[in-house]
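# Descriptive structure summary
Each chain, letter by letter, is given below.
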Amino acid sequence: MTAAGNRPMIDMSTQLGRTPIPSPVLTASGCAAAGRELEPFLDLTALGAVVTKSVLLRPRSGRPTPRMAETPSGMLNSIGLQGPGIDAFLATDLPWLASRGVRAMVSIAGGSVEEYAELAARLRGARGMVALEVNISCPNVESRGEVFACDPGAAAAVLAAVCSATPGVPVYAKLSPDVTDIVSIARACVEAGADGLSVINTLLGLVIDTDTLRPVLAAETGGLSGPAIRPVAVRCVWQIHKALPETPILGMGGIMTGHDALQFILAGARAVSVGTAVFGDPSAPERVHHELARALANKGFARLSDAVGYAHRAASSTDVHQVTA
Ligand code: RRO
């Protein structure tokens, strides 16, 4: 393996849908607003894309505080879709990303199929947007009935509406792990027109304070993220890639290092999002890119694409990738 300076020469390019991106590492929705707060810490243009906090039609203040709690190897949030709404997003956040040449994967969320469709229509042709992530899996909504990702029919209705409103833009459906059969939801989204799948959102959790004898979060339940959920996320990517090998997957859930990212790639993801890690290390997405390149080189891969889904192959005694450099 050749190396430039300390950096291995690995082809790290990949795609969002059919759109080429130079790095498989993206930010994760919800962990850095529209990306501006990460600018002092890393080169945002070198990332695959910045995935923005889910935007709604109208501004929203979110759920009451406290709305974050530490958990073993993770954290629980009940932000509740706080954000400026689509008008401010289109006037301020997206132009800021576009002016700096940062690729934006725009995350949208709504309370009805019509709201999702309207958001998609508002975003049609927006400068700087390279893909849409349709968040149908936020756990912090008023009722579980609003979690479209828990029902194949509801998930498909949202994806069909969004895809017909934004022709030509790769559309990813963000799935929830809190279902019995994630493959059936994934399949419904793809059959409805989704170009790819974001796997996974947070898991619904609860922490109780043993001093106050009450839930720590004002909203009671919240979404669990961080390394604690990584094996669940890798399992979901694995199951979906096995059933739908041609469908691009953006994997996420507790990625802290390049080796964590490599697990997702080997399970079948073509790209990954780094989320909770940025709270402790805002440069984590850039670091994970370089660590992933090194981990791939150490296993003898010349291209990221050769490693996608590799763990599904039967092991062989002549397997060059078993050699650690
Ligand atoms: O805003 C949130 O509370 C939130 C969202 Br939209 C989501 O998709 N996942 C999450 O854990 N929190």
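Residues numbered from 1 in each chain as written. Predicted model: local features only at pLDDT ≥ 70, side-chain atom pairs only at ≥ 80, totals over all residues. Heavy atoms only, no water.

### As for the overall build of the protein
When you go through the protein residue by residue, the secondary structure sums to nine helices and 18 strands. The C-alpha radius of gyration computed for the protein amounts to 19 Å, which stays within 12% of the reference 20 Å derived for 325 residues, consistent with globular compactness. The principal-axis extents of the C-alpha atoms in the protein amount to approximately 55 × 50 × 40 Å. When the 325 residues of the protein are sorted by exposure, 54% land in the buried category. For the protein, restricting intrachain contacts to residue pairs at least 6 apart in sequence, the fraction spanning at least 24 positions comes to 70%. Total accessible area on the protein stands at roughly 13600 Å², and carbon and sulfur atoms take up 53% of it. Positive and negative side-chain charges in the protein, numbering 26 and 28 respectively, have mean positions lying 4 Å apart. (Helix = DSSP H or I, 4+ residues; strand = E, 2+ residues; numbered from the N terminus. Rg over C-alpha atoms; globule rule 2.2 N^0.38 Å. Buried < 20%, exposed > 50% of the residue type's maximum accessible area, 1.4 Å probe, protein only. Contact = heavy atoms within 4.5 Å. Areas by Shrake-Rupley, 256 points an atom, 1.4 Å probe, with all protein chains shown as cover. Lys, Arg positive; Asp, Glu negative; His and termini not counted. Charge placed at Lys NZ, Arg CZ, Asp CG, Glu CD.)

### Details of the packing of aromatic side chains
Summed over the entire model, instances satisfying the criterion amount to two aromatic pairs. On the numbers, 5.5 Å between centres and 90 degrees between planes, the contact of Tyr116 with Phe148 is edge-to-face. Of this pair, Tyr116 sits in helix H2 (residues 113-123) while Phe148 sits in the loop between strand S10 (129-135) and helix H3 (152-165), and the two are 32 residues apart along the sequence. Phe148 matches Tyr116 in its accessibility class, with the two residues each being buried. Geometrically, the ring pair formed by Phe301 and Tyr310 is edge-to-face, given 5.2 Å between the ring centres and 85 degrees between the ring planes. Neither residue differs from the other here; Phe301 and Tyr310 are each classed as buried. (Phe/Tyr/Trp six-rings, centres within 6.5 Å; stacked < 30°, edge-to-face > 60°.)

Function-wise, these values are silent; they only describe arrangement.
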